[in-house]
Structures are given as structure tokens and as C-alpha cells.
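Breakdown of the fold
Chain by chain, the residues run as shown.
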Amino acid sequence: KQKKNSEGDIKKFLRSADEGERETGCIAVANLTCAPTAEVLKLVLERISDTSATVQVSALQAAANLSRYFSDQLLQMGILDLVQPILLSYTQYDHLKYSLLTSALNFLDVLAQENSGFCLALSRSQVVELCLSILGSEKKEVFVVACELLTTCAEDNSEFGARILASSAQLYETIKHLPSLERMVGVYLLVTASLSCSEFTNLPVLVEQFTCFLSIDPYEDFLSNVLPKVENQELFKSHYHVWEQDIKSQQVALECFTNLLSCDSEETPVGTQFLSEQLIERITKIGGGLSLEVAKKLTNLPEAFSNVLVSQTQAHNFIQNLVINTDVQFNFSFLWDQLFSTLENTLSLHDEVPELFEDLANLESEVSKCLMLLVKKGYVEEAGTYLERALSILENLEDKKYMLGTLGVMSSHMQMQQASKVIQVLMVVCSDSNTELVVEALNCFFDVFCDERFDQALKDFNVIQTMKTGFQTFQEQVSAVQDQEVRDNAEEALANLQEFIKYKEAHITY
């Protein structure tokens, strides 16, 4: 009933003769966290053609939010025909109306990311010519969002990638004169286009552009040149802006290099030729972030702290591709302590900066994935010594899946006295409503406790009887899973659970 009443107010505002109320209605839709009715969608689309540019901007922002729920409907309703007139009148715009153009391009980018059919249609439309003309105009206000839209269209589209590269000389000439962030966004577009059509002639020049941003130390720069100015608002603001541009440029550079280390087959990633030990060490240092003591000083500056967390996350994405897709001979043993320290630090900061929960959780997930990949790739020399820390971290992690995958290998190195702690942690996870987590915990049980040395520990904690009691509940949980891959894995775990119970009952004397 509350949702219905709220929608009633929104529809009333969207239909209002008052410009301010129509804008308020659009803003309300832009902030919705669940799907409204199709009638609200229709009213928002009407506002895209509003007589007020201010209302149009808010309507486009609302439509971007609705793309998450109505991407197919938007495509069927001819949304491109509705937005295109705004874009094609670009040359008539003065500076004050760039926000309308930017909002229109951003909306199309969001929709293209949500709907591959729309992305294909967009790549063949007049909008592309408009975006390409923007790229040659050096208009910073719309350059970034035009690049982002073209990048979305270029991903995995070789024909479109070639089209972008055909304009690369003009684009490269333009970006050389742009500030760091706009320059890196342009480089990212060209790297994406190169990857999509496997054309790497100019790649060394592009790599040279983004590797220079990987050599800077944004953490040290912030502590030395930005944080000391915090008492002087104007001075802090100007120094912070420069720092923010540099760290965001570095984030784009990290993403560029990470993508160059991606591959879908057994082929060597094209980015491998540009790797060096010094560069890998530099990126892993970015992943390490700030010490806990220094990080706590940033809790009163959540925007700056968020940028640090995003850079750390990007660095760990790079490390993942480095481990998975290359055979680079590199000493990863030093990474173990850094990865565990990063997890421990982020977990201790949740209460300090609750508004950054998502950023912290994303970083924790990527760091956990790094640990799992190191183990799977065979870098396990240090694994056994970190078991206690892993168990402590696992209890507090939001996303436990990857750490559970790591725990199976780490526990194979455990001492007898550690078995009881491992059992207690795994039994808690086995009662979780998330089937994927239960499967990971069960697989850990099967891998580690098939060893008869630990039978007494299983007996002490009544594990086998608990498994028998919960078998039917897990069976019902598995049958309710909709995702086919998750269900296949769960059914395999269910069959293995039955065999594990049978085997242990035959070997454990009660």
C-alpha cells in the first residue's frame, strides 16, 4: 500500500503543470530502488521531450535508473528515436545546456550496458557519428561520457572497434592536449577497440600513455600534499581536485592493463609483452593500500577513502589476470601477508565508514579471489602458516565463497589441534541459506576430512550425525535452486555428501 501511495504521488508530480513538480517527480524515479509500474515508465519518457531542459535532464537520469528494470521495453518503445533529437541538436547548444547532452549520452550508455540488442542498434546509429565528432572537439564537458558510450559499443564488437580505430589518429591528437583523466578515458577507448578487433599496431604508444600513471604513488601524494591542507578549505579543495584526477586516471590505467591480460583461450595475452618485475611490484603496492593507522585518518574523508579502495580493487583485478592468464615467473610469496593484512584492515574499518560498505565489500571479495587463485595456481608454500588468520577472517567476511575455496587447500596443511576450529567454522557455513556457500563448505569437508587422521575431531563434534540430520534439508535446498550451473554443482555436492557419510560411518567407531 505504501508503494502504491508513493507511486501515486510520483505520477501526480510527473503530470503536473508546474515545472518544479515535474522535476521532483523525475528525481524521485531516479532514486527508486525497485521497479515501478509501466505507467511510471511511460510518464518519464514523456518528460524526456519536456519543454524545460531542467526537467529533461532529470527525466533522462530517471530513465537511466529504469533501464535496470525495463531495458527490453525501452528498446521496443523506440527510445533511440526519442533521445536522438536531443543529441543531433548538439551543435546548437551553449555551455549551459551541456548537462542535457551529457545526461542523454549517459542514459544511452547505461541502457547499452543493460541490453546487448540496444548496444548493437546504437553502434549502427547516427549517435556514433555525433560521439566521434565530440571526440575531436576537445569539449571536456561531454568528452568523457561520449568516450564511455563508444567504449561500451566497442566491447566485443570487431566491426565497431575497427570503426573507432579508423578515427584513432584524430582522437589521439586530441587526447594529447587534454587533462589526465580525459586523456586516460580516450586511451581506454582505443585499447578496447584494439582488443575487440585484434589490431595492435599502435598498442605500444597507448601502453606508454597509461603506464606513466602506474608509476605515481597517489597514497604518498595524498599524505604529503593534500591531507596537511585539510584545515584550509580552499587550499584543500584545489589540491584534492588535482589528486583526484590523478588517482582516477590511475584507476583507468589499471583497468586498461588488466584488460590487456585477459584472454578467452590458451593464447598468451597481448599485454604480457609489456610486463616487467618493476611494474608488477608497483601495481601490487597499489593493491596494498594504506596502513590501518593511516586509513583511519581518512575515515572523515569518505570520498578520498573511496578512491583509495577503488584503486586497491582495480590492482587486485590486475593480479588475478596476472595469475590466471600468464606464466610470468614472479615471486608471489610476499603477497600472502599483504593480502591477509588488507582483508584484516578492511574488516576492521566497516564500523568506521559504514557509508563505504560496498567499496569495502568489493575489495574484500577481490582480495579473497586473489588468494583462491594463488592456491589453485600452486603458490601454496605459505598457505599453512596463515590458516588461523584465514579462519578468523572467514567468520566476518560478507562474501565467503572465495575464502572457502582457499580454505580447502590451506587446511590440508593444518595441524591436528587446528581441525576443531576448521570444523566449527565449516559447520556454521553449512547452515547458511546460500547454496553456493554450503557447497563450498561441504567440498572443504570432503577434501580435508577424508583423511582418517581427523576422524576423532569429526566424532568429537558429532559432524556425521549432523550431516545425516541435515541431508534432507539440503536436498530440498538444492531442488529449489534456479541457476543451472549452481544446481549442477549442488547436486554433485549432495551425491558426494551421501558417499562421505557412508564412508565415515564405516570407519568411525562410536
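The structure this text deals with has already been given above.
Now for a look at the structure at hand. These numbers come from a predicted model, not from an experiment. As a convention, each chain's residues are numbered from 1 in the sequence order in which they are written. Reporting in this predicted model follows two pLDDT cut-offs: at least 70 for local features of residues, and 80 or more for side-chain atom pairs to be given and counted; totals over whole chains, interfaces and linings ignore these cut-offs and use all residues. Side-chain measures were taken over the full set of non-hydrogen atoms in the model, leaving aside hydrogen atoms and water.

**Notes on the overall build of the protein**
A run of DSSP states H or I qualifies as a helix once it reaches four residues; a run of E qualifies as a strand once it reaches two. Both are numbered from the N-terminal end. Across its full length, the protein carries 27 helices and zero strands. Projected onto its principal axes, the C-alpha coordinates of the protein cover approximately 85 × 60 × 50 Å. Counting only residues that meet the buried cut, the protein has 51% of its 510 residues in that class. A contact between two residues is defined here by any heavy atoms of the two lying within 4.5 Å. Taking the contacts inside the protein whose residues are at least 6 apart along the sequence as the reference set, 75% of them involve residues at least 24 apart. Calculation of accessible area relied on Shrake-Rupley with a 1.4 Å probe; when residues are assessed, cover is drawn exclusively from the protein chains displayed. Total accessible area computed for the protein in this model is approximately 24000 Å², and 47% of it derives from carbon and sulfur atoms. Relative accessibility thresholds used throughout: buried, under 20% of the residue-type maximum; exposed, over 50%; partly exposed, between the two (1.4 Å probe, protein chains only).

**Topic: the nonpolar core**
Nonpolar cores are built from buried Ala, Val, Leu, Ile, Met, Phe, Trp, Tyr and Cys residues. Side-chain atoms within 4.5 Å join them into one set. Judged by nonpolar contacts, the single largest core of 174 residues is most densely connected at Phe107, Leu108, Phe210, Phe257 and Phe449. Sequence-distant contacts of Phe449, defined by excluding residues within four places in its chain, comprise Met414, Ala419, Val422, Ile423, Leu426, Cys444, Phe454, Asp455, Leu458, Phe500 and Lys504.

**Digging into the layout of surface pockets**
A probe as big as a water molecule, rolled over the atoms, marks out the empty space that is left. Using a grid of 1 Å spacing that covers the protein atoms alone, one calls a set of points a cavity when a 1.4 Å probe fits there but cannot get out, and a pocket when the set is open and has protein on both sides within 12 Å along at least five of seven lines; lining residues are those with an atom within 4 Å of a point. Grid points are joined across faces, edges and corners, and a volume is the space filled by probe spheres set on the points. Looking at the largest pocket, its volume works out to about 530 Å³. Considering the residues around the largest pocket, the lining is formed by 19 residues, among which Asp156, Leu195, Asn259, Ser262 and Asp264 are closest to the centre. With five residues, helix H12 (residues 180–197) is the single largest residue contributor to the lining of the largest pocket. Polar here means any residue outside two lists: the nonpolar Ala, Val, Leu, Ile, Met, Phe, Trp, Tyr, Cys and Pro, and the charged Asp, Glu, Lys and Arg; Gly therefore counts as polar. Taken together, the residues that form the lining of the largest pocket break down as eight nonpolar, seven polar and four charged. As a volume, the second largest pocket reaches approximately 390 Å³.

**Things to note about empty space enclosed by the protein**
Tallied over the entire structure, the rule returns one cavity of 30 Å³ or more. Computed from the structure, the largest cavity encloses a volume of approximately 80 Å³. Contributing to the lining of the largest cavity are 13 residues, with Leu290, Gln312, Asn345, Thr346 and Leu349 lying nearest its centre. Counting residues per element, the ones that place at least two in the lining of the largest cavity are helix H17 (292–297), helix H18 (302–325) and helix H19 (335–349). At four residues, H19 tops the list of elements feeding residues into the lining of the largest cavity.

**A closer look at the packing of aromatic side chains**
Pairing of aromatic rings covers Phe, Tyr and the six-membered ring of Trp, with a centre-to-centre limit of 6.5 Å; geometry is then stacked below 30 degrees between planes, edge-to-face above 60, and tilted otherwise. Applying the stated criterion across every chain, the model contains eleven aromatic pairs. An angle of 65° between the planes, with centres 5.4 Å apart, marks the rings of Phe257 and Phe318 as edge-to-face. Placement of Phe257 in helix H15 (residues 233–260) and of Phe318 in helix H18 is noted, with a sequence separation of 61 residues between them. Assessed through its relative accessible area of 0%, Phe318 is described here as buried. Arranged with centres 6.2 Å apart and planes meeting at 15°, the rings of Trp336 and Phe340 form a pair that is stacked. Here Phe340 and Trp336 lie together in helix H19, a separation of four residues that amounts to about one turn. Comparing Trp336 with Phe340, the two get one shared label, buried. Here a set of aromatic residues connected by ring pairs shows up, and it is made of Phe222, Phe236, Tyr240 and Trp243.

**Points about unusual backbone geometry**
The backbone phi angle of Asp156 is positive, close to 60°, even though this residue is not glycine. The exposure class of Asp156 is exposed, given its relative accessible area of 79%. One non-glycine residue with positive phi stands out, namely Ser198, at about 50°. Relative to the helices and strands, Ser198 is located in the loop between H12 and helix H13 (203–214).

**A look at the pattern of salt bridges**
Salt bridges, as used here, are contacts in which a Lys or Arg side-chain nitrogen is within 4 Å of a carboxyl oxygen on Asp or Glu. Applying the stated criterion to the full structure yields 18 salt bridges. Lys11 is the partner of Glu39 in a salt bridge, and the nearest nitrogen-oxygen pair spans 3.2 Å. In this pair, Glu39 is assigned in helix H3 (residues 38–48) and Lys11 in helix H1 (residues 2–15), connecting sequence segments 28 residues apart. With a relative accessible area of 35%, Glu39 lands in the partly exposed category.

**Considering the state of the cysteines**
A pair of sulfur atoms, both from cysteines and within 2.5 Å, is called a disulfide here. Per the stated rule, a full pass over the model turns up zero disulfides. You can see Cys153 has no disulfide; the closest cysteine sulfur is in Cys119, sitting 4.3 Å from it. In this model Cys212 remains outside any disulfide bridge; the closest cysteine sulfur is found in Cys256, 11 Å from its own.

**Section: H19**
Three- or four-residue spacings in an α-helix give side chains the same orientation, since the helix completes a turn every 3.6 residues. How far a helix is expected to stretch is found by multiplying one less than its residue total by 1.5 Å. A rise of 1.5 Å per residue sets the reference length of H19, with its 15 residues, at 21 Å; its end C-alpha atoms lie 21 Å apart and thus fit the reference within 8%. Every buried residue of H19 is listed here: Leu335, Trp336, Gln338, Leu339, Phe340, Thr342, Leu343, Thr346, Leu347 and Leu349. Residues of H19 that are buried sit in contact with helix H16 (277–288), H17, H18, helix H20 (357–376), helix H21 (387–396) and helix H22 (401–411).

**Section: the packing of helix H23 (residues 419–430) against helix H24 (residues 435–449)**
Axis definition: a line fitted to C-alpha atoms, limited for helices to the stretch in contact. Angles are taken between N-to-C directions and run from 0 to 180 degrees. Where H23 contacts H24, the two axes come as close as 8 Å, and the packing angle between them is 150°. Between H23 and H24, the angle is such that the two are roughly antiparallel. Remark: the crossing between H23 and H24 carries left-handed chirality. Of the residues in H24, those touching H23 at Ala419, Val422, Ile423, Leu426, Met427, Val429 and Cys430 are Leu437, Val438, Ala441, Leu442, Cys444, Phe445 and Phe449. Looking at the contact of H23 with H24, its residues break down into 14 nonpolar, no polar and no charged. Every angle not falling under 35 degrees, over 145, or within 65 to 115 is termed oblique; those three ranges are roughly parallel, roughly antiparallel and roughly perpendicular. With the far helix as reference, a near helix turned anticlockwise by less than a right angle produces a left-handed crossing, and one turned clockwise produces a right-handed crossing.

**Comments concerning the side chain of Arg183**
Mapped onto the elements of the fold, Arg183 is located in helix H12. Ignoring anything within four residues of it in the chain, the contact list for Arg183 reads Ile175, Lys176, Leu178, Gln209 and Phe213.

**Considering H20**
Helix length check: H20 (20 residues) gives 29 Å between terminal C-alpha atoms against 28 Å at 1.5 Å per residue, within 8%. Within H20, 15 of the 20 residues are buried, leaving the element largely enclosed by the surrounding structure. Where H20 terminates, the next one or two residues include Gly378, which has phi positive at roughly 100°.

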